[in-house]
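Here are the chains, one letter per residue:
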Amino acid sequence: MTGTDPALVAAAEAALAARPTRRTVLVEHAGRRYIAKRLAERPRRLTQTLFMRWLVKRITGQPLPLRTLALSEAAYSMDFEARRIAALAAAGARVPRLAHRSDGYLLLEHCGTVAAEHLERWTPEEWRTMLPRLAAELGAFHRAGLWHGGAQLKNITLEDGVSTRIDFEENFGEFLPLPVVQTTDLALFLNSVSLAGPIDEAESRRLLPALLAAYFAAHSPEGGNAVRAVLARALPWLRRLSRLARPFRRFSRKGIRRVAILVDVFAGLDTPARPGPPPAA
């Protein structure tokens, strides 16, 4: 990028050099705070890629080349995330301002603490207020025809009550149907809430249906029905995965329990109504 303050760039590079093993580093310069973010070290694991490809084929009926689901090639660059940030900003989404881009890192404005850290300190009254609000914001984001690719709480910041979406490395939304990508966003968001921090299983099972209701109330009727339809197609496969994983539950701290909770919550969701026969003449 042109026009960046050389002193700011020098401060960012000094901060990165001081913490060579950290992907993200806080940079303070001229009374302002920034985040320097290094390029991802490696693509998505092959097992993750193969699982996503299998699941997408089962849900959509459309096979995808492996390279489109691996975090590599076009996505494995600073330019990909920089373009996504610019596109989302142009669409009116709250994303960090890009202060500088190099081949090895992005320098982004600091937009507060991630919601996952806030959750650790929130009271039940606070998380029962804030999390439905974040779910509704995701629904409104999707209503605008957008997708995040990583809608977990760790990729949403909060500062003075204002949320900002961060981390746009994932490229699968470039190739999948929009309802599938939005459904993935929704599942990632809910999964990041379930059993997170102080939220136990009983609270997760009470809270997630409220988050779903807030999400669908903010989405458009057509878009919400499309997401419901994807969930309805995915549910039988998710149930099978949950059953297969059950014997290994004692070896998993939270992951398998989270899948079981999501399956039960999605199973209780109303699917879009199918049109009935035309009225008799």
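Note that this is a predicted model, so its numbers are computed, not measured. (Residues numbered from 1 in each chain as written. Predicted model: local features only at pLDDT ≥ 70, side-chain atom pairs only at ≥ 80, totals over all residues. Heavy atoms only, no water.)

Undergrad: Any chance you could explain the environment of Thr184 here in plain terms?
TA: Along the chain, the position of Thr184 falls in helix α7 (residues 178-193). When the C-alpha positions of Thr184 and Val230 are compared, they lie 9.6 Å apart, and in sequence the two are 46 residues distant. From its side chain, Thr184 meets the backbone oxygen of Val180 in a polar contact 2.9 Å long. (Helix = DSSP H or I, 4+ residues; strand = E, 2+ residues; numbered from the N terminus. Polar contact = N/O pair within 3.5 Å; in protein donor to acceptor, adjacent residues only side chain to side chain.)

Undergrad: I'm lost on the sheet that holds strand β7 (residues 162-165) in this one. Help?
TA: In space, the three strands of this open sheet follow the order β5-β6-β7, with antiparallel pairing throughout. If you trace the sheet from one side to the other, it starts and ends with β5 (113-114) and β7, each paired once. As judged from the four bridges shared by strand β6 (residues 156-159) and β7, these two strands associate in the antiparallel manner. From the neighbouring strand, Leu158 faces β7, where its bridge partner is Ser163. Together, β6 and β7 form the strand contacts of helix α6 (residues 124-143), whose direction differs from that of β7 by roughly 50°. (Pairing = 2+ DSSP bridges. Contact = heavy atoms within 4.5 Å. Axes fitted to C-alpha atoms, helices over the stretch in contact; angles between N-to-C directions.)

Undergrad: Just checking my understanding: could you explain a positive patch on the surface for this structure?
TA: On the surface, Arg239, Arg240, Arg243 and Arg246 cluster together to form a positively charged patch. Its location among the elements puts Arg243 in helix α9 (residues 221-245). The exposure class of Arg243 is partly exposed, given its relative accessible area of 47%. (Patch = residues over 30% accessible without salt bridge, like charges linked within 9 Å, V, L, I, M, F, W, Y side chains within 5 Å. Areas by Shrake-Rupley, 256 points an atom, 1.4 Å probe, with all protein chains shown as cover. Salt bridge = Lys/Arg side-chain N within 4 Å of Asp/Glu carboxyl O. Lys, Arg positive; Asp, Glu negative; His and termini not counted. Charge placed at Lys NZ, Arg CZ, Asp CG, Glu CD. Buried < 20%, exposed > 50% of the residue type's maximum accessible area, 1.4 Å probe, protein only.)

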